[in-house]
Amino acid sequence: MASWTKWLWGGLGWAMLGPIGGIMGYAMGSLSENAQGFHSGYQNIDGNSSTKAGDFGAAMLILFAAVMKADNKLTKSELDFVKQFFLQQFNAQYASNRMRLFREILKQDLPLREVCLQIKTYMDHPSRLQMIHILFGLSQADGHVHPLEVRVIHTISGYLGVSIKDFKSIEAMFYKDSATA
């Protein structure tokens with residue numbers, strides 16, 4: 001297919017589903033140019049206030065990419081964390097499809113604020129808190145929580161409407177207590 005396919009799908013995704021749809025559409029268009037027979041089980045955010053598995057998974061791909069790119073290092077341990085997350089939460093086929101999309105998403109500049117505002121609109125507060133917890137798990141996947149990754153997670157947290165108290169509570173789970181050391 002022509003190289004304009006990814007832009008067409010990205011534009012359609014954005015028009016219909018906002019920033020998350022645009023990112024997912026562009027990634028899927030890129031895959032359709034580079035891979036034969038790719039089929040997605042992506043469930044879009046359709047305006048319902050309840051969170052579907054596909055909504056959560058698509059949003060996590062984008063947020064994972066933002067955190068991983070924060071320190072300008074993509075490590076195997078971080079990629080393994082993402083893959084394991086999708087294997088544990090969904091199924092092998094879904095995980096395989098998402099990892100292909102994820103590779104394309106990592107190449108993009110992400111409109112983080114817009115994506116987070118869309119997530120905030122359609123996902124309930126407990127799901128957003130869970131996202132922050134998972135992002136800290138990703139940050140710790142390489143053995144330590146990098147300050148630049150924490151800064152991005154903090155930014156994401158603010159955009160998602162997570163209070164500083166909730167953010168600090170989740171953050172504290174990923175640091176050893178120096179008083180007991």
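Below, the structure is looked at part by part.

Analysis parameters
- Residues numbered from 1 in each chain as written.
- Predicted model: local features only at pLDDT ≥ 70, side-chain atom pairs only at ≥ 80, totals over all residues.
- Heavy atoms only, no water.
- Axes fitted to C-alpha atoms, helices over the stretch in contact; angles between N-to-C directions.
- Helix = DSSP H or I, 4+ residues; strand = E, 2+ residues; numbered from the N terminus.
- Parallel < 35°, antiparallel > 145°, perpendicular 65-115°, else oblique.
- Contact = heavy atoms within 4.5 Å.
- Nonpolar A, V, L, I, M, F, W, Y, C, P; charged D, E, K, R; others polar.
- Expected span 1.5 Å × (residues − 1).
- Buried < 20%, exposed > 50% of the residue type's maximum accessible area, 1.4 Å probe, protein only.
- Arc of directions from axis to C-beta.
- Core = buried A, V, L, I, M, F, W, Y, C linked by side-chain atoms within 4.5 Å.

Axis separation between helix α6 (residues 125–140) and helix α7 (residues 147–159) bottoms out at 10 Å; the angle between their running directions is 170°. Here α6 is positioned roughly antiparallel relative to α7, judged by the angle of their axes. Along its contact with α6, which presents Ile132, Leu135, Phe136 and Ser139, the element α7 presents Glu149, Val150, Ile153, Ile156 and Ser157. The residue inventory of the contact of α6 with α7, partitioned by class, reads 6 nonpolar, 2 polar and 1 charged.

The end-to-end C-alpha separation of helix α3 (residues 76–89) is 20 Å, in line with the 20 Å expected for 14 residues at 1.5 Å each. Within α3 the residues assigned to the buried category are Glu78, Val82, Phe85 and Phe86. One side of α3 holds all its buried residues, which, seen down the axis, span an arc of 90°. Every exposed residue of α3 that faces more than 90 degrees away from the buried side is listed here: Lys76 and Gln88.

Attention now goes to the nonpolar core. Of all hydrophobic cores here, the largest spans 44 residues; its most connected members are Phe64, Ile132 and Ile156. Every element with two or more residues in this core is listed here: α2 (53–70), α3, α4 (92–105), α5 (112–122), α6, α7 and α8 (164–172). Sorting elements by how many residues they give to this core places α2 first, with 12 residues. Apart from residues no more than four positions distant in its own chain, isoleucine 156 is found in contact with Leu63, Ala66, Val67, Leu112, Cys116, Ile132 and Leu135.

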